[in-house]
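Listed here are the chains, written in short residue letters.
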Amino acid sequence: MFINNFDPVAFQIMSLEIRWYSLAYILGIIIGWSLCKKIFIKNSDIREKFDDYITYLIIGIILGGRLGYVIFYNFNYYSHNILDVFKIWQGGMSFHGGLLGIILSSIIFAKKNNQDPFEYMDHVSLVAPIGIFFGRLANFINSELYGKTTEVLWSVTFTKVDNLPRHPSQLYEAVLEGVILFLILLYFRRKNYLRKPGLISGLFLIFYSIFRFFVEFFRVPDEQLGYLIFNLSMGQIISLMFVTIGTILFYIKNENK
């Protein structure tokens, strides 16, 4: 059994705290940006505009992630405490909300430049697992999104939560949604799936949603929500919606000549 008593603050500059979660976002964006520019993007028009696109992407991630958490996971609280919506430093970001933010910002940017938004979203999908990997490691360090109690040999005690051995569900997600998903998408990239914009995006939605749905069985549901319809968590319900969207998208794009 591993004892998790990590400090969520990576380092401090005078009174400014730099947290691991913030560094995870920054590192994921920088590495993904570099890989897209130097390796993955072959279309010169997309590569030329990609730096400008990143600004839209970051705004989409932050706004979408925050609003997604507010709407999907804690609407009752924030509807009575409107100003707290803006207190991002207190935590509360939704991956699915950030995903919707990416989709919307990609559509806006591509439309502005008369381009296909899937040309951008496919490349973001390729590198997104890198950011997810670092983000889940940060969740682990922060002792958040922790798993259910268990007696498995690799259990973790999160001292900031309690003294019970739990599934390190954050690490399960880091491996599945980060490492494994990245390798799967690289495989399909080598199979030339980028030739049809939208295929990689569809595959990302499908596999991410499947992995997320599975890991949620080992994770403690959000305290303010608990289990919902069919004894599923909110994350699982949203994942079912996205795997359906991904499947439809993949089918449509794969049928296009």
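Going by the structure above, here's the rest.
This one's a predicted model, so the numbers in the text were calculated from it and none came from an experiment.

Asker: If you had to explain the side chain of lysine 196 to someone new, which residues and values would you point to?
Answerer: With respect to the helices and strands, the residue lysine 196 is situated in the loop between helix H6 (169-190) and helix H7 (199-215). No salt bridge is formed by the buried lysine 196. Its closest oppositely charged neighbour is glutamate 255, at 7.5 Å. For lysine 196, the side chain forms a polar contact with the main-chain oxygen of asparagine 254, separated by 2.9 Å. Ignoring any residue separated from it by four or fewer positions in sequence, one finds lysine 196 in contact with Asp122, Lys253, Asn254 and Asn256.

Asker: Pulling in residues and values, what's your account of the pairing of strand S2 (residues 9-13)?
Answerer: Looking at chain direction, S2 and strand S3 (residues 16-19) are connected through four bridges and run antiparallel. By the bridge assignment for S3, valine 9 is matched with arginine 19. Counting the residues in the hairpin turn of S2 and S3 gives two residues, including methionine 14, whose phi is positive at 55 degrees.

Asker: Describe in detail H6, supporting the description with residues and values.
Answerer: With 22 residues, H6 should cover 32 Å at 1.5 Å per step; its first-to-last C-alpha distance of 30 Å lies within 8% of that length. Helix geometry: H6 is bent most strongly at leucine 181, by close to 35 degrees.

Asker: A description of helix H8 (residues 234-255) should follow, citing residues and the corresponding values.
Answerer: With 22 residues, H8 should cover 32 Å at 1.5 Å per step; its first-to-last C-alpha distance of 32 Å lies within 8% of that length. Inspection of H8 places Met234, Gly235, Gln236, Ile237, Ile238, Ser239, Phe242, Val243, Gly246, Leu249, Phe250 and Lys253 among the buried residues, and these make up the whole buried set. Next to the buried residues of H8 lie helix H2 (44-73), helix H4 (95-112), helix H5 (117-141) and H7.

Asker: Which residues make up a nonpolar patch on the surface, and what values go with them?
Answerer: Together, Ile59, Leu63, Leu67, Ile71 and Phe75 line one region of the surface with nonpolar side chains, adding up to about 510 Å² of accessible area. A per-element tally of the nonpolar patch places H2 first, with four residues. Note on placement: leucine 67 falls in helix H2.

Asker: Could you give an account of the sheet that holds strand S5 (residues 165-166), naming the residues involved and the relevant values?
Answerer: The strand order across the open sheet built from three strands is S1-S4-S5, with neighbouring strands paired in mixed fashion. Lying at the two open borders of the sheet, with one neighbouring strand each, are strand S1 (2-4) and S5. Summarising the sheet, S1 and strand S4 (residues 156-158) pair through three bridges and their orientation is parallel. Pairing of asparagine 4 across the sheet is with phenylalanine 158, part of S4.

Calculation criteria
- Residues numbered from 1 in each chain as written.
- Predicted model: local features only at pLDDT ≥ 70, side-chain atom pairs only at ≥ 80, totals over all residues.
- Heavy atoms only, no water.
- Helix = DSSP H or I, 4+ residues; strand = E, 2+ residues; numbered from the N terminus.
- Buried < 20%, exposed > 50% of the residue type's maximum accessible area, 1.4 Å probe, protein only.
- Lys, Arg positive; Asp, Glu negative; His and termini not counted.
- Salt bridge = Lys/Arg side-chain N within 4 Å of Asp/Glu carboxyl O.
- Polar contact = N/O pair within 3.5 Å; in protein donor to acceptor, adjacent residues only side chain to side chain.
- Contact = heavy atoms within 4.5 Å.
- Pairing = 2+ DSSP bridges.
- Expected span 1.5 Å × (residues − 1).
- Bend = angle between axes of the 7 residues up to and from the residue.
- Patch = residues over 30% accessible without salt bridge, like charges linked within 9 Å, V, L, I, M, F, W, Y side chains within 5 Å.
- Areas by Shrake-Rupley, 256 points an atom, 1.4 Å probe, with all protein chains shown as cover.

So, to be careful, I would describe these as geometric facts and stop short of saying anything about function.
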